[in-house]
Structure formats: C-alpha cells, structure tokens
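Here is how the chains run, residue by residue.
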Amino acid sequence: MTMHRLAPEDERTPLRLTDEEFHRAREQSERLVAGASEELDRLFTTVGKAGCCILLTDRNGIALERRGAAGDDKDFRQLGLWTGSVWTEASIGTNGIGTALADERAVAIFRDQHFFCSNIRLSCTTAPVRDHRGELAAALDISTCRDDINEVTLAILTQTVRDAAMRIELNLFRSAFPGARFLMVPAGANSAAALLAVDRHDLVLGATRAARIALQLDDKRIAAGIPAADALREAVVSQQEEMVEAEKAALLRALSRTSGNVSQAAIALGISRATLHRKMKKFDLH
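Residues numbered from 1 in each chain as written. Predicted model: local features only at pLDDT ≥ 70, side-chain atom pairs only at ≥ 80, totals over all residues. Heavy atoms only, no water.

### Topic: the overall build of the chain
To keep it simple, the criterion reads: Only runs of H or I of at least four residues qualify as helices and only runs of E of at least two qualify as strands under DSSP, and these elements are numbered from the N terminus. For the radius of gyration, the atom set is restricted to C-alpha positions; the globular benchmark scales as 2.2 Å times the number of residues to the power 0.38. Buried, partly exposed and exposed residues are distinguished by accessible area as a fraction of the type maximum, computed with a 1.4 Å probe on protein chains only: under 20%, between the cut-offs, and over 50%, respectively. Here, Shrake-Rupley sampling with a 1.4 Å probe gives the accessible areas, and only protein chains in the shown set may cover a residue. We count Lys and Arg on the positive side and Asp and Glu on the negative side, and we leave His and both chain ends out. Positions of charges follow a simple convention, taking NZ of Lys, CZ of Arg, CG of Asp or CD of Glu.
Of regular secondary structure, the chain possesses 12 helices and 10 strands. The globule rule puts the C-alpha radius of gyration for 286 residues at 19 Å, and the 25 Å found for the chain is more than 25% above it. Its C-alpha atoms give the chain principal-axis dimensions of about 85 × 40 × 40 Å. Burial status across the chain gives 44% buried among its 286 residues. Carbon and sulfur atoms make up 51% of the accessible area of the chain, which amounts to about 15,700 Å² in all. Each charge class in the chain was averaged separately, 37 positive and 39 negative side chains, and the resulting centres sit 8 Å apart.

Structural data, given as structure tokens:
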C-alpha cells in the first residue's frame, strides 16, 4: 500500500504487455524458455489436469510460457494467468510470483493471503529459477482456483514446483557449459542441485548456486581458474605428488581404453612396451 500505492479492494488484473513488448521479452529469454519447455510439459502432465495453471516468468515477472487445460482457460485468463501478464508485487501486490521474485525464495500464497480481493479464490506456489551464475533468472508457478484445495495439498504442490525449478536450473547450467564435465558436490540435502562444470584440465568453469554456497565460490575465484580438487577441499599435495598422480591417471586411461592390452596402450602413449611395464610395476597397476 505504501510502496506501490495499491488498494486491496481494487478489482484489477495484472498489467499486460503489448504484443511488441512481449515479443521483445521472449527474445531476451529465448535460452530460458528453451531450457524450461520440456520440464513445463512434464509438470503439466502431473498437475495440469487437476485444475492447475503453470506459468514461467522472467526475472521481471513477465509470464513467458503457460500450460493449462483448455477447460480452465477462461477462468485463468480472467485472473491474468496468461502470457504477457506482469506478476510483480508492483503490478498486483502480494502474489506467488511477485513475492518469490522479491524475496528470492520459494513461497506459497493461499487464497486471502493475496493482496487484492479479486485474487482470494486463487492459491499459488512459486519457486525462483537461477541461471548458471546463481543469479535470479525466472520464476516457476503453479496456481489453482479449486475450492477443495487446502494447505496440505498446497505443500505437496510447493515441493513439486521446487523440484521442477531445480531441474530447469540444471538444464540452464549444463547448456551454458557445452563439452564440460559435471561433478556433483556433497552438499547434504542440496547435493542434486550442487554441480561444478569442469574442463579437461580439471579447472572449474562454473558452479550452481548450491555449489557456490557449499564451496564458498564466487565469480572471482572461478575466473582465476581454481582446480576442482582444490574447490572440493581435497588434501593439498605437493607439485611432485600431483605429477605422479597425473602420470598414473594417464596410464590407467590408456589401459582402460585398450581393455588392458599393454602393447596397444604403449603405442597409444608413445612409449615402449617395456617402459610401460616398468611404470605399471612402479605404480602397482594390474
């Protein structure tokens, strides 16, 4: 009421973009939409036929993609749960999308917890989606007008939307680092979301937000080229020990690729068979 000059008794729907504005917003979020489309379809098969509407917005609360059953379209369109609508707190007061974006956390808004009286039939749950740098990029929302919805059911939908948002984040992260290897970071309950992107030299290229928090990484440390082993706080070894481990790893890869054939592995490594045997004995490789 104070910040956005809104009155709860107002009968209004969210602000809507013009076709040109919406087209521009979609273009700017093309990668986001591509990374989320498959997950939106999967989410719709789970909850769409139960009277739920699914919205994906950008970081500005602009609804870019929508999934919903045709029989529910009329009700959801009247409420503004449609592409091109702006679901920020400035536009429509307290609501799932706007509040999740403002607080950068998952929220559930149950009926009369909405700011406007016109939205008190609505129950919604929203999770933020972050980009490959851990920055806020979007919001994923499930909304319903069903009369039989209760807080227990909403809690189940909340976990569903959070899981879907995490999978979208991982899609965005993997697409940002084509050709990289991905390591899962031990991070307790967030292990599935805690990934490192690593190049062929074992240097960290990127980290999800969960991995950044777990390993205390930021853009500066990543740009400096920190080895994944160091980031994972493995025991620090001397330069000589690192060279020994690197040589051993190279031998193991060569032997693995030739199914243990020493002659072929020696040829691949550019050394004699006798030299390879000596090195295998040195490293106790069988």
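Alright, that's what it looks like, and here's the rest.
### Structural notes on a negative patch on the surface
Our working definition: Here, patches come from residues exposed beyond 30% relative accessible area and free of salt bridges, joined within 9 Å for like charges and within 5 Å for nonpolar side chains (Val, Leu, Ile, Met, Phe, Trp, Tyr). Put simply, a salt bridge is a Lys or Arg side-chain nitrogen that is within 4 Å of an Asp or Glu carboxyl oxygen.
A surface patch of like charges, here negative, comprises Asp-230, Glu-241, Glu-242 and Glu-245. Sort the elements by how many residues they give to the negative patch and helix α10 (residues 239-257) lands first, with three residues. In this structure Glu-245 comes out as partly exposed when scored by relative accessible area, which is 49%.

### Notes on the UniProt feature "domain: GAF" (unreviewed entry) in the chain
To keep it simple, the criterion reads: UniProt positions are given in the numbering used here, feature names are shortened, and annotations may be inferred rather than shown by experiment.
Mapped onto the present numbering, the UniProt feature "domain: GAF" (unreviewed entry) falls on residues 39-168. In residues 39-168, helix accounts for 35% and strand for 27%; the two terminal C-alpha atoms are 7 Å from one another.

### Concerning the nonpolar core
To be explicit about the condition: Here, nonpolar core means buried Ala, Val, Leu, Ile, Met, Phe, Trp, Tyr and Cys residues that are tied together by side-chain atoms lying within 4.5 Å of each other.
The biggest cluster of nonpolar side chains holds 28 residues, and the ones touching the most others in it are Leu-140 and Ile-142. Of all elements in the fold, only α2 (30-47), β2 (52-58), β6 (123-130), β7 (136-144) and α6 (151-176) reach the threshold of two or more residues within this core. The element best represented in this core is α6, accounting for seven residues. Leu-6, Leu-81, Phe-115 and Leu-122 belong to the second-largest nonpolar core, a separate cluster that totals 17 residues.

### A short note on helix α11 (residues 262-269)
In plain terms, the rule: In this description, one arc is meant: the one made by directions from the helix axis to the C-beta atoms. Any pair of N or O atoms that falls within 3.5 Å is considered a polar contact. Within protein, one atom must be able to donate a hydrogen and the other to accept it, and sequence-neighbouring residues count only if both atoms are side-chain atoms.
Burial in α11 covers these residues: Val-262, Ala-265 and Ala-266. What you see down the axis of α11 is that its buried residues fit within an arc of 100 degrees, all on one side. Residues of α11 that are exposed and point over 90 degrees away from its buried face: Ile-267 and Ala-268. For α11, the side-chain oxygen to backbone nitrogen distance between the N-cap and Ser-263 is 3.1 Å, and the N-cap itself is Asn-261. Where α11 terminates, the next one or two residues include Gly-270, which has phi positive at roughly 75 degrees.

### Quick look at the pairing of β2
Convention followed: Should DSSP find at least two bridges between two strands, the strands are taken to pair.
Within β2, seven of the seven residues are buried, which leaves the element mostly enclosed by the surrounding structure. Along β2, one buried face is formed by Cys-52, Ile-54, Leu-56 and Asp-58 and the opposite face, lined by Cys-53, Leu-55 and Thr-57, is buried too. With seven bridges connecting them, β2 and β7 associate as antiparallel partners. Each residue of the ladder has a partner; that of Thr-57, found in β7, is Ala-139. For β2 and strand β3 (residues 63-67), the ladder comprises four bridges, and the chain directions are antiparallel.

### Observations concerning the UniProt feature "domain: DNA binding HTH" (unreviewed entry) in the chain
This chain's UniProt record puts "domain: DNA binding HTH" (unreviewed entry) on residues 245-283. The straight-line gap between the two end C-alpha atoms of residues 245-283 is 9 Å; of that span, 79% is helix and 0% is strand.

### A closer look at the packing of α2 against α6
Defined as follows: Where helices are involved, their axes are fitted lines through C-alpha atoms of the stretch in contact, as for all axes, and angles between N-to-C directions lie from 0 to 180°. Here roughly perpendicular refers to angles of 65 to 115 degrees, roughly parallel to angles under 35, roughly antiparallel to angles over 145, and oblique to all remaining angles. Crossing handedness: left-handed means the near helix sits turned counterclockwise from the far one by under a right angle, and right-handed means the same turn made clockwise. We call two residues in contact when some of their heavy atoms are within 4.5 Å. Residues are grouped as follows: Ala, Val, Leu, Ile, Met, Phe, Trp, Tyr, Cys and Pro are nonpolar; Asp, Glu, Lys and Arg are charged; all remaining types, including Gly, are polar.
Running from amino to carboxyl end, α2 crosses α6 at an angle of 150 degrees, the nearest separation of the two axes being 9 Å. Of the possible angle classes, the one that applies to α2 and α6 is roughly antiparallel. Handedness of the α2/α6 crossing: right-handed. Residues Arg-31, Leu-32, Gly-35, Ala-36, Glu-39, Arg-42, Leu-43 and Val-47 of α2 touch α6, and the partners they reach there are Leu-157, Thr-160, Ala-164, Arg-167, Ile-168, Asn-171, Leu-172, Ser-175 and Ala-176. Residue composition of the contact of α2 with α6, grouped by class: nine nonpolar, four polar and four charged.

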